[in-house]
Amino acid sequence: MRTTQKRVCIFLPDEQNLDCAVRATARGREVLNLVLRQLGVSDLQVFGLAVLRDNEYLFLDLEGKLSKYFGNLWNRGSVMVPFILFLRVQHYVESGRLILSSKVQQLYVAELRRKVLRSESRHQEVLFFQLAASALQAEVGDVEHRAEEEDDVEGKEKRHRQYFLPEDYFPPWLIKRRGRDFLLQHGPALHVELRGVTRSQAALQFIKEVSNLQDGPVTFYRMKQEKKEPRRSILLGVTLKGVHIYQDLEGKLCLLYDFSWTDIDRLTFQGSRFEITAVGSLCLPKLVYYTPSAFHSKHVMRHLSDSHRLHISTRGVVSYVQQLDDMQASHSYREAYVCDTTRLAHRLKSNSLTSSTSDRSAAAENAAARSKHEEDEVTEFELCVDEPVESFVDNPDELAWLAELSGDGPVGFPSSYWAAVAVEMKQVVQARGDEEVSVD
């Protein structure tokens, strides 16, 4: 018997799209493998596949069937009309060096560019000029700063228009505040200051600078303060280092709480009810918010749990990269810096930054295959973020998404592993220092 195929269109951050044909019984993993094949990469690392639900992006459970995300439309939909998925950043990083593939890094920068244009961080105006300069250097490289022969403003703007458009580098509110003429005049001057910086270095600098943007490297989920509230005025932001809570006041975001993972005692979902309990030293009351549905809650909690796990398992690697960046900044160990990027690649490939978003344990896959429950079943889940292993209120065998999070052992690496990294770094630095002394 011939299996009916479905068309799936995946929108990429760089405004390109991929078309895939999958079986009616396909799971998210199959689509991801097709995307990897078409992009020509082995791992998407920080990216995940997302579906638009209730005006919000929810990241797919790759072991779940696509039919769960598209409902009845999946079964009766036309073969010619594609179903839409989005490739989006699921986990932001502090350094672009943690992204091994140049293609994946380009997609990462493309999504960050879009985030910058939608940013409402109006108190960080100077940062937007720095970001525009880095983005221009990464895109067009060096430019000559030549004196204008014509004095008329219209002639200058015409030439600048061929060079860059403010709408491609600055958010609308900043263009309105300063005016296009101001941006066209001062943008090139900042760009010229980066002369000599390679495009790849400028891209890394752009990634690093975006991490300082308040609403840049964060994924938002809208929630309600009260269950019967007409609109979702609370925004929960998932970052690599923790959770931000904002309130939407007439279109302006007001930061209410900035929790690092160590500030949170536990996160709890029960149906659509979401609770955040801070550590006792902060003396904060339990925060209670409401999501649109239990389906929504499950996916938000999965994202929170994965982000927490990634934060724990990559702390050593992030520290390692920071040491390499410090070496480059000091110009003292340039040779060691270049050499050690190979070792960094080896560490990342053997570490959960690449495996956390692609490879799942066999136990999780078996649990997902056995699971036949309805996605909207009311469940309860509790994540204690002060411990390396998540603890569960319900039986993980009842829910595939819970079983996947349980794992086979502690999250992260043993202390002996990171001790070995520290020793190795000291040896590398010492060795390169000796080489410099011998050359001089």
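Report follows, based on the coordinates. Worth saying up front: this structure is predicted, and the values here are computed from it rather than measured.

**Quick look at the sheet that holds strand β7 (residues 234–238)**
One open sheet accounts for 4 strands, arranged β6-β7-β8-β9; its pairing is antiparallel. The strands lining the two open edges of the sheet, one partner per strand, are β6 (219–223) and β9 (252–260). Each strand axis lies, on average, 25 degrees off the axis of its neighbour in the sheet, ignoring direction. The pairing of β7 with strand β8 (residues 242–249) spans 5 bridges and is antiparallel. By the bridge assignment, Val-238 is partnered in β8 with Val-243. Most of the contacts of helix α10 (residues 294–313) go to β6, to which it runs at about 145 degrees, and overall it touches β6, β7 and β8.

**Observations regarding the pattern of salt bridges**
In total, this model carries 17 salt bridges according to the counting rule given. Salt-bridge contacts for Arg-23 lead to Glu-30; the nearest nitrogen and oxygen are separated by 2.4 Å. The exposure class assigned to Glu-30 is partly exposed, which follows from its relative accessible area of 25%. Measuring nitrogen to oxygen at the nearest pair gives 3.4 Å for the salt bridge that ties Arg-113 to Glu-139. Separated by 26 residues along the polypeptide, Arg-113 in helix α4 (residues 102–118) and Glu-139 in helix α5 (residues 125–140) bring together distant segments of the chain. Of the residues examined, Glu-139 reaches a relative accessible area of 42% and is grouped as partly exposed. Taken together, the shared-partner salt bridges in this structure form one network comprising Glu-125, Arg-177 and Arg-178.

**What about the packing of α4 against helix α9 (residues 199–210)?**
With their axes 10 Å apart at the nearest point, α4 and α9 run at an angle of 45 degrees to one another. On the basis of their axis angle, the class for α4 and α9 is oblique. Considering the relative orientation of α4 and α9, their crossing is left-handed. Each of Gln-105, Tyr-108, Val-109, Leu-112, Arg-113 and Val-116 in α4 lies in contact with α9, whose residues at this interface are Ala-203, Leu-204, Phe-206, Ile-207 and Val-210. In terms of residue class, the contact of α4 with α9 is built from 9 nonpolar, 1 polar and 1 charged.

**Notes on the nonpolar core**
Ile-10, Leu-44, Leu-66, Tyr-108, Phe-170, Leu-236 and Leu-304 are the most contacted members of the largest nonpolar core, which has 86 residues in total. Counting residues per element, this core draws most heavily on α5, at 7 residues.

**Re the environment of Asn-75**
Structurally, the position occupied by Asn-75 is in helix α3 (residues 72–76). As a C-alpha pair, Asn-75 and Thr-4 span 71 residues in sequence and 9.5 Å in three-dimensional space.

**Things to note about the side chain of Ser-119**
Summarising the element assignment, Ser-119 is placed in the loop between α4 and α5. Within polar-contact distance, the side chain of Ser-119 engages the side chain of Asp-215 at 2.6 Å. In this structure, Ser-119 is in contact with Phe-128, Pro-171, Trp-173, Leu-213 and Asp-215, ignoring residues within four places of it in sequence.

**Regarding the packing of α5 against helix α8 (residues 180–192)**
Put simply, α5 and α8 touch, their axes get as near as 9 Å, and they point 65 degrees apart. In this structure, α5 crosses over α8, and the sense of that crossing is right-handed. When α5 is examined against α8, the residues Phe-129, Ala-133, Leu-136, Gln-137 and Val-140 are found in contact with a partner set consisting of Phe-182, Leu-183, Leu-190 and His-191. Residues of the contact of α5 with α8, tallied by class, amount to 7 nonpolar, 2 polar and no charged.

Criteria and cut-off values
- Within each chain, residues carry numbers counting from 1 in the order of the written sequence.
- Two thresholds apply to this predicted model, a pLDDT of at least 70 for residue-level local features and 80 or more for giving and counting side-chain atom pairs, whereas whole-chain, interface and lining totals are computed over all residues.
- Each side-chain value is worked out from all heavy atoms of the structure, with water and hydrogens disregarded.
- Only strands joined by at least two bridges in the DSSP assignment are considered to pair.
- In this description a helix means any DSSP run of H or I spanning at least four residues, a strand means any run of E spanning at least two, and both kinds are numbered starting from the N terminus.
- For helices, the fitted line uses only the C-alpha atoms of the stretch in contact; every axis is such a line through C-alpha atoms, and the angle between N-to-C directions lies from 0 to 180 degrees.
- Residues count as neighbours in contact if any of their non-hydrogen atoms are within 4.5 Å of one another.
- A pairing counts as a salt bridge when a side-chain nitrogen of Lys or Arg comes within 4 Å of a carboxyl oxygen of Asp or Glu.
- Residue burial is assigned from relative accessible area. The probe radius is 1.4 Å, only protein chains are included, and a residue is buried under 20% of its type maximum, exposed over 50%, and partly exposed in between.
- We call two directions roughly parallel when the angle between them is under 35 degrees, roughly antiparallel when it is over 145, roughly perpendicular when it lies between 65 and 115, and oblique otherwise.
- Left-handed describes a crossing whose near helix is turned anticlockwise from the far helix by less than a right angle; the clockwise case is right-handed.
- Amino acids are sorted into nonpolar (Ala, Val, Leu, Ile, Met, Phe, Trp, Tyr, Cys and Pro), charged (Asp, Glu, Lys and Arg) and polar (every other residue, Gly among them).
- To define a nonpolar core, start from buried Ala, Val, Leu, Ile, Met, Phe, Trp, Tyr and Cys residues and group those joined through side-chain atoms within 4.5 Å.
- Whenever a nitrogen or oxygen atom comes within 3.5 Å of another N or O atom, the pair is scored as a polar contact, on the condition that within protein one atom can donate a hydrogen and the other can accept it, and that pairs from neighbouring residues in sequence are kept only if both atoms are in side chains.

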